[in-house]
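Residues per chain are reported as follows:
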Amino acid sequence: MLFKTETEEELKRIQGMGVPVMEQAIEAYRSITTSKEFREIERLRSLARHNEATALRHAAEVERAKWESVVAEKDAFITELLAQLNEANNENRIK
């Protein structure tokens, strides 16, 4: 249970169970998380997650732009072919 907690309320609930080993583990956890080194590691981890999300979003945008270009080129090609077919049909009708 201790390793699955995400909030201070959950820690307090576990601590309230009155199990000495759990209380010691919670106190050890709190002493570690208040250290400057731990806070810096957490800051860097958060920054890394943000940078990863930004890079993934950018890659998705680049990929979407690429495929939009491919589809636009295909549509232009099809439009040109249809125009040529219509022109050929009109010429055949005139003859």
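This text goes with the structure placed above it.
Being a predicted model, the structure only gives us computed values, none of them experimental.

*Asks:* Looking at this structure, how should I read a nonpolar patch on the surface?
*Replies:* On the surface, Phe77, Ile78, Leu81, Leu82 and Leu85 cluster together into a nonpolar patch covering about 460 Å² of accessible area. As for its placement among the helices and strands, Ile78 is situated in helix 3 (residues 36–94). Among the residues examined, Ile78 registers a relative accessible area of 38% and is labelled partly exposed.

*Asks:* Whenever I open this one, the environment of Arg13 confuses me. Can you help?
*Replies:* Along the polypeptide, Arg13 turns up in helix 1 (residues 8–15). For Arg13 and Trp67, which are 54 residues apart along the polypeptide, the C-alpha to C-alpha distance reads 52 Å.

*Asks:* It is not clear to me how the pattern of salt bridges should be interpreted in this structure. Could you clarify?
*Replies:* Side-chain pairs of opposite charge can arise whenever the charged atoms involved come near each other. Taken as a whole, this structure holds six salt bridges when the rule is applied. Linking Arg43 and Glu40 is a salt bridge whose minimum nitrogen-to-oxygen distance equals 2.8 Å. One end of the pair, Arg43, and the other, Glu40, are both in helix 3, three residues apart, so they sit about a helical turn from each other. Between Glu42 and Arg45 there is a salt bridge; the shortest N-O distance is 2.4 Å. One end of the pair, Glu42, and the other, Arg45, are both in helix 3, three residues apart, so they sit about a helical turn from each other. We classify Glu42 as partly exposed; its relative accessible area is 26%. Via salt bridges that share partners, Glu8, Glu27 and Arg30 belong to a single interconnected network.

Calculation notes
- Residues numbered from 1 in each chain as written.
- Predicted model: local features only at pLDDT ≥ 70, side-chain atom pairs only at ≥ 80, totals over all residues.
- Heavy atoms only, no water.
- Patch = residues over 30% accessible without salt bridge, like charges linked within 9 Å, V, L, I, M, F, W, Y side chains within 5 Å.
- Areas by Shrake-Rupley, 256 points an atom, 1.4 Å probe, with all protein chains shown as cover.
- Salt bridge = Lys/Arg side-chain N within 4 Å of Asp/Glu carboxyl O.
- Helix = DSSP H or I, 4+ residues; strand = E, 2+ residues; numbered from the N terminus.
- Buried < 20%, exposed > 50% of the residue type's maximum accessible area, 1.4 Å probe, protein only.

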